[in-house]
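# Structural features, examined
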Amino acid sequence: SNKGPNCRTQPTDLVFIVDSSRSVRPSEFEQVKDFLSQVIESLDVGLNATRVGVLNYASSVKNEFSLKTHKTKAALLQAVKKVQPLSTGTMTGLAIQYAINQAFTEGEGARLRSPGIKKVAIVVTDGRPQDGVKDVSARARQSGLELFAIGVGRVDMTTLRQIASEPLDDHVDYVESYSVIEKLSKKFQEAFCEMADLCSTGDHDCQQICVSTPGSYTCACRDGYTLNEDGKTCNGKFQTCGASAIDLVFLIDGSKSVRPENFELVKQFINQVVESLDVGNNKAHVGVVQYSSSVRQEFPLGRYNSKKDIKTAVKKMAYMEKGTMTGQAIKYLIDNTFTISNGGRPGVSKVGIVFTDGRSQDYINDAALKAKELGYKMYAVGVGNAVEDELRMIASEPVGEHYFYTADFKAMKEIGKKLQMKICVEENPCECEAIVKFQSKVEELIQSLTRKIEAVSKRLTALENKITV
């Protein structure tokens, strides 16, 4: 996202509450420190901006530094480097109680409660606490703290939900291992970035519709138009997306590291992408293949001719729960799924979406290269422990536009949105591009005029208000 000088964090008292019990290895604790540093890096640090403290806990709580200790970003980053693991038990409740009694007091540098100042605590843990967290977390939230809970590995999900503020979806994050925790730093950087609304300031280059996001913006198009590859201009062909015929196959990782609740999220992700297609006999056909240690065709291309039937079939999919043989799955795609005998249509563009949450146990290079050589458009989607190098190897050129990675399964919805747009971009059958260009030029002019008129009328209203007072 365009993180410019426009990103100003709202003044925040931020305390990290970090578990360094003996189940957290020293190397993993270093990864937690990297995560803290990356979040701090993006903040607007200062006495009147954001103040940061760190509580380190295991069986006891150690105040590493208070909200008042370090006044600059450089000093904070140095202090984080020096934090050492305590390596005893896990008293998460005690640590949250300490935050209420000590860390967020004025004596420790917290500011008086006011609507303009946020109070945020981020709890990072991989354990099942040896004490209760439910009541103490409720007290913390009542005192005005916003609580984020990050769980790693074998953490108890109920604990995280008891800690976190509402809405839980925004405040609970789970990562499979410490090696991917820093991927969450982006989420927190955006969460703290209170933005000047870039759309309203006109500081954007969207052709049709500008949508504000924290610290950035995205462009969208009016009904009947699709967003072009550049993510800014629109292409008006007045038809549903993907109306051109495509053969689209999902290769879904059903290995045991994708937990049952996450497998349900994967199904939702497939159905979200299917929703944006124009499914039908001469239009989009969809097939699904699930793989773990072996490969299983869930249903072939063209078996179902309506979105409803595809979605029902996806929902019924059972979960294989074994290893991860991504190479074998891509080979199956080439040798079986896209063949004419299996429902592939000659001359119709072929799209493969490979989803995985871990390192492949077999060799993927040859199959991945062959799929691209055959002209398939390959997308790679990775979650959790997926390896970015493997995703890049699977993805078509330009690679950056064909692979996606997120640390957390819940973020797959966002990836689904991006994929919908990408699959939508079609060749323009209209050769009369000059006319299209002329039309869009005229539209741009009309839009900028409209914007100017709106601005003028706002000023007039403001003046009238002054005069009538």
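The numbers attached to residues start from 1 for each chain and follow its sequence in the written order. Two thresholds apply to this predicted model, a pLDDT of at least 70 for residue-level local features and 80 or more for giving and counting side-chain atom pairs, whereas whole-chain, interface and lining totals are computed over all residues. With hydrogens and water set aside, each side-chain value is computed from the structure's full complement of heavy atoms.

If you look the protein chain up in an unreviewed UniProt entry, it shows as VWFA domain-containing protein from Staurois parvus. UniProt positions are given in the numbering used here, feature names are shortened, and annotations may be inferred rather than shown by experiment. In its Subcellular location (unreviewed entry) section, UniProt records this for the protein chain: "Secreted".

Pairs of cysteine sulfur atoms within 2.5 Å are identified as disulfides in what follows. On inspection of all chains with the given rule, the structure shows one disulfide. Note on cysteine connectivity: cysteine 221 is disulfide-linked to cysteine 234, with sulfurs 2.0 Å apart. Here cysteine 221 and cysteine 234 share a disulfide; its torsion about the S-S bond, -90°, makes the bridge left-handed. Taken as a pair, cysteine 221 in the loop between strand E10 (216-220) and strand E11 (225-227) and cysteine 234 in strand E12 (residues 234-236) lie far apart in primary sequence, 13 residues in all. The buried label goes to any residue with under 20% of its type's maximum accessible area, the exposed label to any with over 50%, and the partly exposed label to all in between, with areas taken from a 1.4 Å probe on protein chains only. On the basis of relative accessibility, which here comes to 11%, the residue cysteine 234 falls in the buried class. We count a stretch as a helix when DSSP gives it H or I for four or more residues in a row; a strand needs E for two or more, and each element gets its number in order from the N terminus.

Relative to the assigned elements, isoleucine 246 resides in strand E13 (residues 246-253). Residue isoleucine 246 is classed as buried on the basis of its relative accessible area of 7%. In sequence terms isoleucine 246 and glycine 347 are 101 residues apart; their C-alpha atoms lie 9.5 Å from each other. Throughout, a residue-residue contact means that at least one pair of heavy atoms, one from each residue, lies within 4.5 Å. Aside from chain neighbours lying at most four places away, what touches isoleucine 246 is Leu277, Lys283, Ala284, His285, Arg345, Val348, Ser349 and Ile423.

This paragraph deals with the pattern of salt bridges. Just to be clear on terms, a salt bridge is a Lys or Arg side-chain nitrogen sitting within 4 Å of an Asp or Glu carboxyl oxygen. For the coordinates displayed, the defined rule picks out 18 salt bridges. Of the charged contacts, one joins lysine 183 and glutamate 388 as a salt bridge, the two residues approaching to 2.5 Å between their closest N and O atoms. Of the two residues, lysine 183 sits in the loop between strand E7 (172-175) and helix H7 (185-192) while glutamate 388 sits in helix H12 (residues 388-394), which places them 205 residues apart along the sequence. Exposure remark for lysine 183: the relative accessible area of 36% places this residue in the partly exposed category. The class of glutamate 388 is partly exposed, set by a relative accessible area of 25%. Ionic pairing is found between aspartate 247 and lysine 350, a salt bridge with its closest N-O pair at 3.1 Å. Linking aspartate 247 in strand E13 with lysine 350 in strand E16 (residues 349-356), this pair joins segments that are 103 residues apart in sequence. For aspartate 247, a relative accessible area of 0% gives the class buried. Three or more residues are tied together by salt bridges with common partners; here these are Asp13, Arg111 and Lys119.

All right, on to the packing of aromatic side chains then. Two aromatic rings, drawn from Phe, Tyr or Trp (for Trp, its six-membered ring), form a pair once their centres lie within 6.5 Å of each other, and the interplanar angle then sorts them: stacked below 30 degrees, edge-to-face above 60, tilted otherwise. Applying the stated criterion across every chain yields a total of seven aromatic pairs. Geometrically, the ring pair formed by phenylalanine 35 and phenylalanine 188 is edge-to-face, given 5.9 Å between the ring centres and 75° between the ring planes. Pair noted here: phenylalanine 35 is in helix H1 (residues 26-41) and phenylalanine 188 is in helix H7, with a separation of 153 residues, a long-range link. Phenylalanine 188 sits in the buried class, given a relative accessible area of 0%. With a centroid separation of 5.2 Å and 75° between ring planes, the pair formed by phenylalanine 148 and phenylalanine 188 is classed as edge-to-face. One end of the pair, phenylalanine 148, is in strand E6 (residues 146-152); the other, phenylalanine 188, is in helix H7, with 40 residues separating them in the sequence. The structure contains a cluster of three or more aromatic residues connected by ring pairs, namely Phe35, Phe148 and Phe188. Consider the ring centre and the ring normal. A charge sits over the ring if Lys NZ or Arg CZ is within 6 Å of that centre and within 35 degrees of that normal. The residue whose ring lies beneath lysine 183 is tyrosine 405, and the NZ or CZ to ring-centre distance is 4.8 Å. For lysine 187, the ring lying beneath its charged end belongs to phenylalanine 188, and the centroid distance is 5.3 Å.

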